[in-house]
Amino acid sequence: MGYVSKPVKINVATKKEPDTYNELAQVLNEYNAEWATGAPVLGLTIAKEQFSHNGNPNKHGAHDVGQAITYLTFEATKHNVFIPQMAGILPDKARDIYTSQRDILPLRCLHLAI
């Protein structure tokens, strides 16, 4: 029996939505917040820690996020859009902000540089 799972998520915020953007910016550590919040778009990559269909641990979530961001980066680069990534985040803050997203593993933030 097959199943469909979405173990990778990217929360995206643009400066056109200041409340959402400022909320996501709170996830950045102090150093990254100083320079990254100048970007028009921020994103937070998230892996699900458990599979939705059976509750088992998702041991491959971080890898899946890495693969997704790799392909996103390749495609963006073809269009002269760059996606710097930042490991300097506050995972507990991300969990506090995104409480509706249970069993999440916040991994990195990114921004679009055009």
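In what follows, the structure referred to is the one given above.
Residues numbered from 1 in each chain as written. Predicted model: local features only at pLDDT ≥ 70, side-chain atom pairs only at ≥ 80, totals over all residues. Heavy atoms only, no water.

Looking at soluble globular proteins, one finds that nonpolar side chains tend to be buried together. If you look at the biggest cluster of nonpolar residues, it comprises 17 residues, and the most contacted ones within it are Leu 24, Val 27, Leu 28, Leu 42, Leu 44, Tyr 98 and Cys 109. Contributions of two or more residues to this core are made by α1 (18–25), β2 (41–48), α4 (91–97) and β4 (104–111). In terms of nonpolar packing, the next biggest core, distinct from the first, is built from 7 residues, Ala 47, Val 65, Ala 76 and Val 81 among them. (Core = buried A, V, L, I, M, F, W, Y, C linked by side-chain atoms within 4.5 Å. Buried < 20%, exposed > 50% of the residue type's maximum accessible area, 1.4 Å probe, protein only. Helix = DSSP H or I, 4+ residues; strand = E, 2+ residues; numbered from the N terminus.)

This model, assessed by the stated rule, comprises 3 salt bridges. Between Asp 103 and Lys 48 there is a salt bridge; the shortest N-O distance is 3.6 Å. In this pair, Asp 103 sits in the loop between α4 and β4 while Lys 48 sits in strand β2, placing the two residues 55 residues apart along the sequence. By relative accessible area, which is 22% here, Asp 103 ends up partly exposed. Residue class for Lys 48 comes out partly exposed when judged on its relative accessible area of 24%. Among the salt bridges present, the one from Glu 75 reaches Lys 78, with a minimum N-O distance of 3.2 Å. Here Glu 75 and its partner Lys 78 are both found in helix α3 (residues 61–78), 3 residues apart, which amounts to about one turn of the helix. Among the residues examined, Glu 75 registers a relative accessible area of 38% and is labelled partly exposed. Judged by relative accessible area, Lys 78 falls into the exposed class, the value being 61%. (Salt bridge = Lys/Arg side-chain N within 4 Å of Asp/Glu carboxyl O.)

Looking now at α3. Residues spaced three or four apart along an α-helix point in a common direction, a consequence of the helix completing one turn every 3.6 residues. Compared with an ideal rise of 1.5 Å per residue, which puts 18 residues at 26 Å, α3 spans 26 Å between its outermost C-alpha atoms and is within 8% of the ideal. Turning to α3, its buried residues are Gly 61, Val 65, Ile 69 and Ala 76. Buried residues in α3, looked at end-on, bunch into an arc of 60 degrees, giving them a common side. Seen from the buried face of α3, the exposed residues on the opposite side, beyond 90 degrees, are His 63, Tyr 71, Phe 74 and Lys 78. Contact partners of the buried residues in α3: β1 (8–14), β2, β3 (85–86) and β4. Looking one or two residues beyond α3, the residue adopting positive phi is Asn 80, at roughly 60 degrees. (Expected span 1.5 Å × (residues − 1). Arc of directions from axis to C-beta. Contact = heavy atoms within 4.5 Å.)

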